[in-house]
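Fold and contact review
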2 protein chains.
Amino acid sequence: MIVVFVGTAGSGKTTLTGEFGKFLEKNEKRVAYINLDTGVKTLPYTPTVDVREHITVEELMKKGYGPNGAIVESYDFLMDYLNEYVEKILELEKENDYVLIDTPGQMETFLFHDFGVKLMENLPSPLVVYLFDPTILRKPHDYCFVRFFALLIDLRLGATTVPALNKVDLIRDLEKIKRYLEDVEYLSARLKLDSSMQGLLAYKLCKFLPEVSPPVRVLYLSAKTRIGFDELETVAYEHYCTCGDLT
Amino acid sequence: MIVVFVGTAGSGKTTLTGEFGKFLEKNEKRVAYINLDTGVKTLPYTPTVDVREHITVEELMKKGYGPNGAIVESYDFLMDYLNEYVEKILELEKENDYVLIDTPGQMETFLFHDFGVKLMENLPSPLVVYLFDPTILRKPHDYCFVRFFALLIDLRLGATTVPALNKVDLIRDLEKIKRYLEDVEYLSARLKLDSSMQGLLAYKLCKFLPEVSPPVRVLYLSAKTRIGFDELETVAYEHYCTCGDLT
């Protein structure tokens with residue numbers, strides 16, 4: 001089965017791909033690793049497929065591109081190899097228990113560029129794990145943002161998306177965060193107290209969340225302590241068996 | 001008043017900031033330009049404030065960072081200067097008719113990093129123009145994605161966000177696109193025909209759009225032909241006068 005790690009630069013996709021892969025291998029699973037990041041310097045795993053064989057951000061910058069232009073250009077360039085990647089991944093999916101996909105450093109490259117969208121369209125029931133960082137959770141409306149952002153990834157990529165709070169080893173009061181992320185009524189009650197336009201918008205959005213969101217669990221992960229790895233494996237397995245129902 | 005251009009790398013933020021500024025100056029408006037992109041190589045306008053005075057992505061890469069790490073690190077570094085930037089922008093807002101803010105090349109840096117979120121929190125009623133590219137509109141559910149993405153920017157930054165289709169000079173059938181973007185009932189009817197999970201999610205989300213979205217116009221812009229510049233100026237003016245009602 002195919003697990004795709006999506007998240008902003010610095011959210012921990014690459015480290016988690018490596019650590020979760022080692023965890024699976026220790027449990028005697030066959031694992032293939034795919035690196036889709038043209039900008040990464042070093043990887044903590046040995047990729048079976050690596051886009052840097054074709055192009056890197058650094059070599060484009062040497063030709064005169066700025067960093068942003070080079071990132072976009074690298075994926076424009078990779079479009080010629082898209083079918084080749086799809087075929088390789090489909091093959092690896094047959095030969096392995098898990099294919100772990102580490103996506104571009106900048107999340108928007110995967111969500112907004114045809115390379116990411118068309119690759120995902122051609123994969124059989126991939127599970128997307130949307131990694132977000134505790135630092136973006138400052139106010140009640142930030143929790144609403146995260147839940148809807150996961151929905152928009154699902155909508156954009158056409159793949160079941162599980163929101164996953166990463167780096168939980170850094171968090172003191174995880175129970176409070178869990179309540180905000182999982183108990184929509186509790187979150188709504190807090191949002192109702194915020195009379196700003198932002199609070200009002202979050203309140204309206206969250207009210208609809210149970211009606212629009214597929215039943216999805218939130219994961220709590222740490223690559224450092226391997227917290228949540230068992231649950232991630234269970235969710236991936238259930239997704240594979242039931243194709244989507246992750247209550 | 002403050003107009004903030006937000007969008008993915010390549011969506012045309014920098015070119016539009018320059019061209020719209022020239023357009024305003026020609027109409028005898030006083031305009032200040034703010035560059036927040038640590039990765040841009042050249043600008044088509046003369047910035048009054050430029051984050052590259054403090055740090056650039058390229059200099060961090062020379063110190064050994066990869067491109068993604070360097071982008072994140074540059075905004076971590078700029079946090080020390082955040083108050084200074086806020087003060088400068090507030091001052092420029094008093095002295096000028098317009099302060100145009102050109103945001104980081106990678107949109108996620110602005111939406112997910114404290115630098116962007118905290119800067120916006122401290123500005124008085126900024127108007128966000130969310131630029132998206134015609135290439136991301138391939139299927140009916142992509143229109144739903146764009147409308148909700150604009151809402152999530154509003155939610156994240158706490159600022160009225162106008163979705164703006166950029167590069168309209170490249171589009172053949174603009175009327176069809178306009179109908180999908182503006183006529184939610186028409187879009188819903190098309191989404192209902194898509195029986196995939198993705199189609200169903202888009203249908204459910206769009207059904208709620210009129211209830212959750214503030215009344216906002218969609219803009220159609222081209223920096224090349226200056227299509228839509230009059231309307232952008234009107235929307236900015238109305239936002240400033242009425243603080244948010246952009247029906």
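The structure contained in this document is the topic of the report that follows. Since the model is a prediction, treat every value here as computed from it, not as a measurement.

The next subject is the pairing of strand β2 (residues 31-35) of chain A. Residue and element names in this part refer to chain A. Taking burial as the measure, the 5 residues of β2 include 5 buried ones, the bulk of the element. Across the two faces of β2 the burial is the same, with Val31, Tyr33 and Asn35 and Ala32 and Ile34 all buried. Alignment of β2 against strand β4 (residues 98-102), held across 5 bridges, turns out to be parallel. Bridging across to β4, Asn35 finds its partner in Asp102. In terms of strand pairing, β2 meets strand β3 (residues 49-50) through 2 bridges, oriented parallel. Within the sheet, the bridge partner assigned to Ile34 lies in β3 and is Val49.

This part is about the pattern of salt bridges. Residues and elements named next belong to chain A. Inspection of the entire model under this criterion finds 31 salt bridges over all chains. In this structure, Arg217 engages Glu231 in a salt bridge whose closest nitrogen and oxygen atoms are separated by 3.4 Å. Placement of Arg217 in the loop between α10 (197-212) and β7 (219-220) and of Glu231 in helix α11 (residues 229-242) is noted, with a sequence separation of 14 residues between them. Residue class for Arg217 comes out partly exposed when judged on its relative accessible area of 24%.

Here we take up the relation of the copies chain B and chain A. Overlaying chain B on chain A yields an RMSD of 0.0 Å, the required transformation being a rotation through 180° with an accompanying axial translation of 0.0 Å. The transformation relating the two chain copies, once decomposed into turn and shift, fits a two-fold axis.

All right, on to the nonpolar core then. Counting 141 residues, the largest nonpolar core has Phe148, Phe149 and Leu205 of chain A together with Phe148, Phe149 and Leu205 of chain B as its most contacted members. Non-local contacts of Phe149 of chain A, meaning those with residues more than four positions away in its chain, are made with Met107, Leu111 and Tyr130 of chain A together with Phe112, Phe149 and Leu152 of chain B.

Quick look at the interface of chain B and chain A now. Chain B puts 52 residues into the contact, and the matching count from chain A is 52 residues. Overall, the association of chain B and chain A removes approximately 4,800 Å² of surface from exposure, summing both partners, and the carbon and sulfur fraction of that is 64%. Our enumeration of links across chain B and chain A arrives at 8 salt bridges. Contributing elements (two or more residues each) for the side of chain B that touches chain A: α2 (57-62), α3 (67-78), α5 (107-112), α6 (114-121), α7 (140-157) and α10 (197-212) of chain B.

It is worth spelling out unusual backbone geometry at this point. All names here are of chain B. For Lys167, which is not a glycine, the phi torsion comes out positive at approximately 60°. For Lys167, the position within the fold is in the loop between β6 (161-165) and α8 (174-182). Residue Lys167 is classed as partly exposed on the basis of its relative accessible area, which comes to 23%. Unlike most non-glycine residues, Arg226 shows phi in positive territory, near 60°.

Attention now goes to the packing of α7 of chain B against helix α9 (residues 184-192) of chain B. Residues and elements named next belong to chain B. As a packed pair, α7 and α9 sit with axes 9 Å apart at the nearest point and diverge in direction by 135°. Taken together, the axes of α7 and α9 lie oblique to each other. Where α7 crosses over α9, the two elements pack in a sense that is left-handed. In this structure, α7 uses Pro140, His141, Tyr143, Cys144 and Arg147 to contact α9, whose residues at the interface are Val184, Leu187, Arg190 and Leu191. Of the residues belonging to the contact of α7 with α9, the class tally is 6 nonpolar, 1 polar and 2 charged.

Cut-offs and rules
Residues numbered from 1 in each chain as written. Chains lettered and ligands numbered in written order. Predicted model: local features only at pLDDT ≥ 70, side-chain atom pairs only at ≥ 80, totals over all residues. Heavy atoms only, no water. Buried < 20%, exposed > 50% of the residue type's maximum accessible area, 1.4 Å probe, protein only. Helix = DSSP H or I, 4+ residues; strand = E, 2+ residues; numbered from the N terminus. Pairing = 2+ DSSP bridges. Salt bridge = Lys/Arg side-chain N within 4 Å of Asp/Glu carboxyl O. Least-squares fit on C-alpha atoms with pLDDT ≥ 70 in both. Core = buried A, V, L, I, M, F, W, Y, C linked by side-chain atoms within 4.5 Å. Contact = heavy atoms within 4.5 Å. Buried area = accessible area lost by both parts, 1.4 Å probe. Axes fitted to C-alpha atoms, helices over the stretch in contact; angles between N-to-C directions. Parallel < 35°, antiparallel > 145°, perpendicular 65-115°, else oblique. Left-handed = near helix turned anticlockwise from the far one by under 90°. Nonpolar A, V, L, I, M, F, W, Y, C, P; charged D, E, K, R; others polar.

What is shown is where atoms sit, not what they do.
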